[in-house]
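Each chain, written out:
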Amino acid sequence: MARGHGRVLTRIWDDPDFTALPAEIQRLYLFLISQPNLNHAGLLPLTLKRWSFKAYGLSPAVLRTQLAVLADRRFVVVDEDSEELLVRSFVRNDGVWKQPQVMGAMVSGALEISSRRLRAALLAEVERIPLDELSDEPGRKGLSPLQEVSRHIAALRAAFYEPDPKPPAAALHEGDEEGVAEPLPEVVEAGSTRARGRFPLPLPHSPSLLVADVVDIRSARQERPDVEEACTLLADLIAANGTKRPNITKRWRDAARLMIDADKVALSDVLGAIRWSQADEFWRSNILSMPKLRQKYPQLRLRAQSQQQRRQPTDYQTYADQGVF
C-alpha cells in the first residue's frame, strides 16, 4: 500500500548538516522522504525522469547533480546501475526501529534491494540503532520489544550475508566494519531445531544460537584498551556530574568500537567529545551513554567547532581550543 504521508521531524531544522544545504537540495530531500513508494527500509526506485515533472524547470540532469550533493553529504546512497536510492537514516529517523511490526516490514522492504552498496549502507545504519532505548519487558507474545527488534536485525543480517572471499583470518579482522565475516553458526528459533539462516558473527563455530540471544552475541569479543578507555572516561565523568555511575555494558562497548572502527573517529577525538559533552550544561544531561555519544557525535563536533570560532569563554573552551575533536 502506498504511503499517505511523509514524516518530517521538526528537529531537522536544528541539524547543522541539513541547514548547511542549499534550499533546492533541502527541497529534494523532503521530496524524497515524502514519496508514496518509499518503503520502510528507505528504498526508492531511481526515477529521475518521472521526478523531473514534479516542479517547473527540473530535468533529470539537474536532479542527478542535486542527488550527488545529497550523496556526498551522506543523506542518501545512490546506485545508478541498479537504479535504486536509499534514504540512509530513514529507519532511525522515521522511528521504524521503535515498532517491532514495522521493523518486520522494513526487513521485507530491504529484501527488495539489489544493490550491494545500498545493502551495506542499510546494514551500517541498522548497527546504529540505539537498542538500549527499547524496553526489555515481555509483551503479549512473550518477547520484549528489544528481543523482537533484535530478531528482525538478525534476519536482515542473514538475508544480506555473503561469503567473504578473504581467508578466515582476514575476514575475522575486517568483516565487522563491512558487515561480512566467515560462515558462522545457524540461527534457530527458540525451541525449534530447524535452521532459519545465517548471519555474520565473528565467534567460533557452534551448533546453533537462539535468536533471542542476538543482542548479547558479541559479548565474547576480545576486550580492546581503546574501547575500555573511552567507556570508562564517559562513565567516570557522568558520575562526576552528580549522576549515578552507569554500568559499562556490551552496547556501550559496541558503540565505542563502531565509532572508532566504522565511523573512523580517532580515539583522541572520541575522548575529546566525551570531555566536551560532559562539561557542557546542555549536553551533559543528554549524553548519558556511549550509544548516544556515537549518535550525536557529528552534532557535538560542529557545535564545538562553532564555539571555537566564536571564542566564547566557557568552562570547556580548552577542549575546543585544542581541537580535540
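Remember, it's a predicted structure, so these values are computed and weren't measured experimentally.

Rules of the game
- Residues numbered from 1 in each chain as written.
- Predicted model: local features only at pLDDT ≥ 70, side-chain atom pairs only at ≥ 80, totals over all residues.
- Heavy atoms only, no water.
- Pairing = 2+ DSSP bridges.
- Helix = DSSP H or I, 4+ residues; strand = E, 2+ residues; numbered from the N terminus.
- Axes fitted to C-alpha atoms, helices over the stretch in contact; angles between N-to-C directions.
- Contact = heavy atoms within 4.5 Å.
- Parallel < 35°, antiparallel > 145°, perpendicular 65-115°, else oblique.
- Nonpolar A, V, L, I, M, F, W, Y, C, P; charged D, E, K, R; others polar.
- Buried < 20%, exposed > 50% of the residue type's maximum accessible area, 1.4 Å probe, protein only.
- Salt bridge = Lys/Arg side-chain N within 4 Å of Asp/Glu carboxyl O.

S.K.: Describe the sheet that holds strand 2 (residues 76–79), naming the residues involved and giving the relevant values.
M.R.: Strand order in the open sheet formed by three strands is 1-3-2, with antiparallel pairing between adjacent strands. At either end of the open sheet lies a strand with only one pairing partner, and these are strand 1 (43–45) and strand 2. Averaged over all pairs of adjacent strands, the angle between strand axes in this sheet comes to 20°, irrespective of strand direction. One ladder, built from three bridges, connects strand 1 with strand 3 (residues 84–87); its direction is antiparallel. Residue pairing in the sheet places Leu-43 in a bridge with Leu-86 of strand 3. The strands that helix 7 (residues 116–127) touches are strand 1, strand 2 and strand 3; relative to strand 2, the one it contacts most, it runs at about 160°.

S.K.: Can you explain the packing of helix 6 (residues 100–110) against helix 8 (residues 145–160)? Please cite residues and give values.
M.R.: Their axes nearest at 9 Å, the elements helix 6 and helix 8 cross at an angle of 5°. In terms of axis orientation, helix 6 runs roughly parallel to helix 8. Residues Pro-100, Met-103, Gly-104, Met-106, Val-107 and Ala-110 of helix 6 form the contact with helix 8, whose participating residues are Pro-145, Glu-148, Val-149, His-152, Ile-153, Ala-155, Leu-156 and Phe-160. Considered class by class, the residues forming the contact of helix 6 with helix 8 number eleven nonpolar, two polar and one charged.

S.K.: Tell me what's going on with the pairing of strand 2, and back it up with residues and numbers.
M.R.: The alternating pattern of strand 2 places Val-76 and Val-78 on one face and Val-77 and Asp-79 on the opposite face, and all of these are buried. Inspection of the sheet shows strand 2 paired to strand 3 by four bridges, in the antiparallel sense. Bridge pairing links Asp-79 to Glu-84 in strand 3. Between strand 2 and strand 3, which pair antiparallel and follow one another directly, the connecting turn spans four residues, one of which, Glu-83, has a positive phi of 55°.

S.K.: Any details on unusual backbone geometry? Residues and values, ideally.
M.R.: Phi is mostly negative for residues that are not glycine, and the peptide bonds are mostly trans. In this model, Arg-74 sits at a positive phi of 70°, which is unusual for a non-glycine residue. Of note in this structure, Glu-83 is not a glycine but carries a positive phi near 55°. With respect to the element layout, Glu-83 can be found in the loop between strand 2 and strand 3.

S.K.: So what about the pattern of salt bridges? Which residues, and what values?
M.R.: Going through the model one piece at a time under the given rule, you end up with 13 salt bridges. For the salt bridge of Asp-261 with Arg-224, the shortest nitrogen-to-oxygen distance reads 2.4 Å. One end of the pair, Asp-261, is in helix 11 (residues 250–261); the other, Arg-224, is in the loop between strand 6 (208–210) and helix 10 (225–240), with 37 residues separating them in the sequence. Taking the relative accessible area as the measure of exposure, Asp-261 reaches 23% and is therefore partly exposed. Here Arg-224 falls in the partly exposed class, since its relative accessible area comes to 24%.

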